[in-house]
Structure formats: structure tokens, C-alpha cells
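A closer look at the structure
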Amino acid sequence: MTAQTDTQAKAPTPTKKLYVKTYGCQMNVYDSERMTETLAGQGYEAVDTPDTADLVLLNTCHIREKAAEKVYSDLGRLRKLEKQRGTPMQVGVAGCVAQAEGEEIVRRMPQVDLVVGPQAYHRLPEMLDALDEGKGAQVITDFPVEDKFADLPKTRKSSGPTAFLSVQEGCDKFCAFCVVPYTRGAEYSRPAPDLLAEARRLVDSGAREITLLGQNVNAYHGKGEDGDWSLARLVRAMAEIEDLARIRYTTSHPNDMSDDLIAAHGEIDRLMPFLHLPVQSGSDKILKAMNRKHDADSYRRLIERIRAARPDIAMSGDFIVGFPGESDEDFEETLRLIRDIQYAQAFSFKYSPRPGTPAAGAEQVAEDVKVERLARVQEALLESQATFQQACVGQTMPVLLDRPGKFDGQMMGRSPYLQNVHLTVNADRRGEIVPVTITEAHRSSLAGTLAA
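In this text the structure is predicted, and so the values were computed from the model without any measurement.

**Some thoughts on the pattern of salt bridges**
- Taken as a whole and assessed by the stated rule, the structure comprises 35 salt bridges.
- For Glu198, the salt bridge identified is with Arg190, shortest N-O distance 2.9 Å. This pair shows no difference in class: Glu198 is buried, exactly as Arg190 is.
- Across the pair Asp330 and Lys285 runs a salt bridge, and its minimum N-O distance is 2.8 Å.

Here's what the structure looks like:
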């Protein structure tokens, strides 16, 4: 019997403290939860600050600008904290910056004890054992042949009414701006029976809503008992789980929005009417330079098909401005697309080069032009979002109460469209889905009252 199986059977009494700081995406939130569960089997108890931690893990993201520099700054602060408190602290860097930087992290910051990529964190116990044996800093950034999920604890529980479930990792698209294929590796889909079992455990422990995660989640093609399953097939099976009231998924690529997935949006009530579908640009020239393999009009037609299947669906997206070669005309095409689609919400960013990606070495758009274009895109997106928010006033919608609000007697919840909704209601109703009449619309939230 392996050590991992032993820890699953009977976890030791916690004797050490673990602090995990999570950067970036929802996938990292999921990974941090799994790392915490894995180390619980080694006697670690999670704490909320690094002040008393025996082990600190920084679970990093490489998507945002200057991601590595921010990690090094945090490592510097941890070094000062260790000196101030006068007791030893083991420090590890996990995630995508760990994958990208590797040995360089230990060279620059010798206090780092372990560096582990996002495909190898199931090996944390053996890395810690090697440290205890005096073998020096441990660095694992390989893409393993084995399935890391097979070695993770099978006792996962939900910490609240909402939960994340990683179903797919990696990406084969190789967009010219993106580091994901280099830090997360090739596309991999988890077997459907494993996912259904994990989903049932989450629901049994209190989850009412599960968000299926993947770098390219709608490319899911996991093994089922009768061959490969699509994401639509997986969603349909998830919808049969008793007490699972809501299903979401993110993040998607337009080229993988299959007919059966579009149909699922119109046929499965538990699949929420909200879809994050990044387009990045409205210019065909820039989309080609980005290696997106779709054009603006095909994206428009895709949205029309999705809305025909589910007329009340709310759309979200991503936009990058100032990509190399973007002209004023290209930028205007992006603004035109935003006006055409009318997003309920969206994210927008200035392009910043990521080392090792094809676009990093291209001639860059001037920074002041990027700043001006980002401001204009955000203005257009906020106008669209405000229109959607205001249209919700007067509606009564089901809201999943999942956390306390800012004030006494207030609870926060999620609308079907992933909006934050706050209302006055007893805290003991956490986890319930209640009818709420929307009375006010704010920039990023709604206010309402409990409907009779």
C-alpha cells in the first residue's frame, strides 16, 4: 500500500501549519484546495496567514503582467517575516510561474525550498520528505506521464454551497499571446466516472453549484464507459445528480462550441444561462495574428446560435488591446463587435509580452496608445454591462445564498447570470436558493428583497 493511500485511509493529527496564497484563475483556486488536501495527509493544517506557518506555498499565475516579479516581491516579504519571527519557515512556489521559471527561482531566492509545476503538485509529499532528508531544494517542473489526479486524495469535500471541479487542463491552441500551452502542457481530460464521483462527494458535503473548470473546458473529451464523452455529455450526466442545482463551466474557446453543447444550453435547466466565451479582438487581421483560427463574423454567428438555443443567456468575454500590429481601424472593429454582442460583463487587458510566446518578439504598440484604447474598450464594456444590470431591476430571480454580506443581517448570493446579489436575510439560510426581487442595480452587483 502506498503512503498516499495510507493517508487517505487515516489522516494524521495536524502537527504543522500550512499557508497557501493563490494568485490568478479559478483553476488555481481548485489546485490550491487539492494541495491543501494532499498535505493534510502529511499532518498539515491550513491557516489564514503566513505568520505562524511552517510551510508557505505560493500558487502562482503567469497570465497577468509582471507575474514573476510579483512573486519575487512576495518571496522577499516572506524572507523578512521569517527573520522577524525567528522561527524557520519552508517556502514553496507552485503553479505557472514555477513552471516557467524553474531553477531560476531557487537561484534568485535561495530561501525557496521547493518549486513545483501545476502538473506535479501531487508529488509534494515526496518533495517534503526529500527536504527532511537534507537533499536540498526540490524542483519538479516536468509534465508527468502519470495522471496526477489519480494520486490525489479521494476525500474531497466542499467548503460551501459553491465548488470548482477541474475537468480539463492544458491547451493545444497555441494562441500567439498565451503561455498556457507551455506552463500547463497539452490538453488532458479527466475520465468521466472520476468526475462524477468527485461531483457527488462535493454535493454530499453541501455544494449546490459546481463550476467545471479547464483552460479550454469545452474541448473536454474524457473517457466514459462507452467511449469519449463531450462536455455536453458530461453536463447532462452531472445534471442527474440529486441536489446539484446549478452547473457552470469556464473557460471556453469559440472553436470548441459544439452543436451538442449549444443544444445543452437550451435543454438543461441546471446549466446556468451565462457563458464566458473569449474573442480577444474584433479584427480579422489581429485574430489571425493571434492564431485564434476564427474570425469576427463567425464569432457573431456563433453567438446568434447560442442565443437562439437559450434566449435569456448572458454573455461574457475577454479582450486584448494593443496587440502587435493593431491599427486604429483594427481597434475600431473591436469596438464594433462589443456594440454588436452587448456583453453582460467582460474582461479587458493591455497586451503585454510573455517570454517564449510568438508575439513577444514582435514590434510593440506604443504604451500610451494601449492605455487610451483600453480606456475606450472599458468604457464600451461598462456601458453594455450597465444596460444589462439595469434590465434586471424589477425581475424576480433565484439567488443561491453563499456568503455573508458586508453588514449585519445581510447575505450575498449568485444570480443565474453570476451577478453578486445582496439582500437582508437570516444567515442560517446559507446554501438555499431563494426568490429575490431586484430593486437596485450597481456596477458589479445587484440589491434585492426576498420575494413573498
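Still more to cover.
**Points about the pairing of strand S10 (residues 209-213)**
- Counting buried residues in S10 gives five out of five residues, a clear majority hidden from the surface.
- Because side chains alternate across S10, one face comprises the buried residues Glu209, Thr211 and Leu213, and the other comprises Ile210 and Leu212, equally buried.
- Relative to strand S13 (residues 246-250), S10 runs parallel, the two sharing five bridges. By the bridge assignment for S13, Leu212 is matched with Tyr249.

**Topic: the sheet that holds strand S19 (residues 420-424)**
- Ordered by their spatial adjacency, five strands build a closed barrel running S17-S18-S19-S21-S20, and the pairing between neighbours is mixed. Sheet twist, expressed as the average angle between the axes of neighbouring strands with direction ignored, equals 55 degrees.
- Judged from the five bridges that link them, strand S18 (residues 410-414) and S19 form a sheet pairing that is antiparallel. Residue pairing in the sheet places Met411 in a bridge with Leu423 of S19.

**A short note on the nonpolar core**
- One finds Leu212, Leu234 and Met238 to be the most contacted residues of the largest nonpolar core, which totals 77 residues.
- Discounting residues that sit within four places of it in the chain, Leu234 has contacts with Val167, Ala192, Leu195, Leu196, Leu212, Tyr220 and Trp229.
- The next biggest cluster of nonpolar side chains, apart from the first, holds 24 residues, and it includes Tyr23, Tyr72, Leu78 and Val93.

**Observations regarding the sheet that holds S13**
- Pairing within the open sheet is parallel, and its three strands lie in the order S7-S10-S13. Sheet topology places strand S7 (162-166) and S13 at the edges, where each strand pairs with a single neighbour. The mean angle between the axes of side-by-side strands here comes to 25 degrees, regardless of whether they run parallel or antiparallel.
- Along the sheet, helix H9 (residues 231-238) makes contact with S7, S10 and S13, crossing S10 at roughly 160 degrees.

**A look at the side chain of Ser348**
- Within the fold, Ser348 resides in strand S16 (residues 345-350).
- At a separation of 3.4 Å, a polar atom in the side chain of Ser348 contacts the side chain of Gln378.

**Points about the environment of Glu304**
- By the secondary structure assignment, Glu304 is in helix H12 (residues 296-309).
- Spatially, the C-alpha atom of Glu304 lies 18 Å from that of Gln280, the residues being 24 residues apart in sequence.

**Overview of the packing of helix H13 (residues 328-341) against helix H14 (residues 367-391)**
- Packing of H13 against H14 brings their axes to within 10 Å, and their N-to-C directions diverge by 15 degrees. As the angle between them shows, H13 and H14 are arranged roughly parallel. With respect to the hand of their crossing, H13 and H14 are arranged in right-handed fashion. Across from Asp328, Phe331, Glu332, Thr334, Leu335 and Ile338 in H13, the residues of H14 making contact are Arg373, Arg376, Val377, Ala380 and Leu381.
- Broken down by class, the residue content of the contact of H13 with H14 amounts to six nonpolar, one polar and four charged.

**Describing unusual backbone geometry**
- A cis amide bond links Thr250 to the next residue, Thr251, at an omega of 0 degrees.
- In this fold, Thr251 is placed in the loop between S13 and helix H10 (259-267).
- At Asp243, a position not held by glycine, the phi torsion is positive, near 75 degrees.
- Positionally, Asp243 belongs in the loop between H9 and S13.
- Its identity as a non-glycine residue notwithstanding, Asn291 has a phi of 65 degrees, on the positive side.
- Tracing the backbone through its elements, the reader meets Asn291 in the loop between helix H11 (284-289) and H12.
- Overall, Asn291 belongs to the partly exposed group, its relative accessible area being 28%.

**Points about the confidence of the model for the protein chain**
- Averaged over all residues, the pLDDT of the protein chain equals 93, while 96% of them reach at least 70.
- Contacts of residues 1-9 to residues separated by more than four positions or lying in other chains number twelve contacts, the stretch itself having pLDDT below 50.

**Topic: the pairing of strand S3 (residues 55-60)**
- Most of S3 is tucked away: six of the six residues are buried.
- As judged from the five bridges shared by strand S1 (residues 16-22) and S3, these two strands associate in the parallel manner. Its bridge partner lying in S3, Leu18 is registered against Leu55.
- Relative to strand S4 (residues 90-95), S3 runs parallel, the two being bridged by six bridges.

**Let's talk about the packing of aromatic side chains**
- The full count for this structure, using the stated rule, is four aromatic pairs.
- For the pair Phe323 and Tyr351, a centre-to-centre distance of 5.2 Å together with 70 degrees between the ring planes defines the contact as edge-to-face. Here Tyr351 lies in the loop between S16 and H14 and Phe323 lies in the loop between strand S15 (314-321) and H13, a separation of 28 residues in the sequence. Taken as a pair, Phe323 and Tyr351 share a single burial class, namely buried.
- When the ring centre of Tyr72 is taken as reference, the NZ or CZ atom of Arg108 above it lies at 3.6 Å.
- Above the ring of Phe149, the side-chain terminus of Arg190 is found at 4.1 Å from the ring centroid.

**Details of the side chain of Arg246**
- Its place among the elements puts Arg246 in strand S13.
- At 2.9 Å, the side chain of Arg246 forms a polar contact with the backbone oxygen of Arg414.

Basis of the calculations
- Residues numbered from 1 in each chain as written.
- Predicted model: local features only at pLDDT ≥ 70, side-chain atom pairs only at ≥ 80, totals over all residues.
- Heavy atoms only, no water.
- Salt bridge = Lys/Arg side-chain N within 4 Å of Asp/Glu carboxyl O.
- Buried < 20%, exposed > 50% of the residue type's maximum accessible area, 1.4 Å probe, protein only.
- Helix = DSSP H or I, 4+ residues; strand = E, 2+ residues; numbered from the N terminus.
- Pairing = 2+ DSSP bridges.
- Axes fitted to C-alpha atoms, helices over the stretch in contact; angles between N-to-C directions.
- Core = buried A, V, L, I, M, F, W, Y, C linked by side-chain atoms within 4.5 Å.
- Contact = heavy atoms within 4.5 Å.
- Polar contact = N/O pair within 3.5 Å; in protein donor to acceptor, adjacent residues only side chain to side chain.
- Parallel < 35°, antiparallel > 145°, perpendicular 65-115°, else oblique.
- Left-handed = near helix turned anticlockwise from the far one by under 90°.
- Nonpolar A, V, L, I, M, F, W, Y, C, P; charged D, E, K, R; others polar.
- pLDDT = per-residue confidence, 0-100.
- Phe/Tyr/Trp six-rings, centres within 6.5 Å; stacked < 30°, edge-to-face > 60°.
- Lys NZ or Arg CZ within 6 Å of the ring centre and 35° of its normal.

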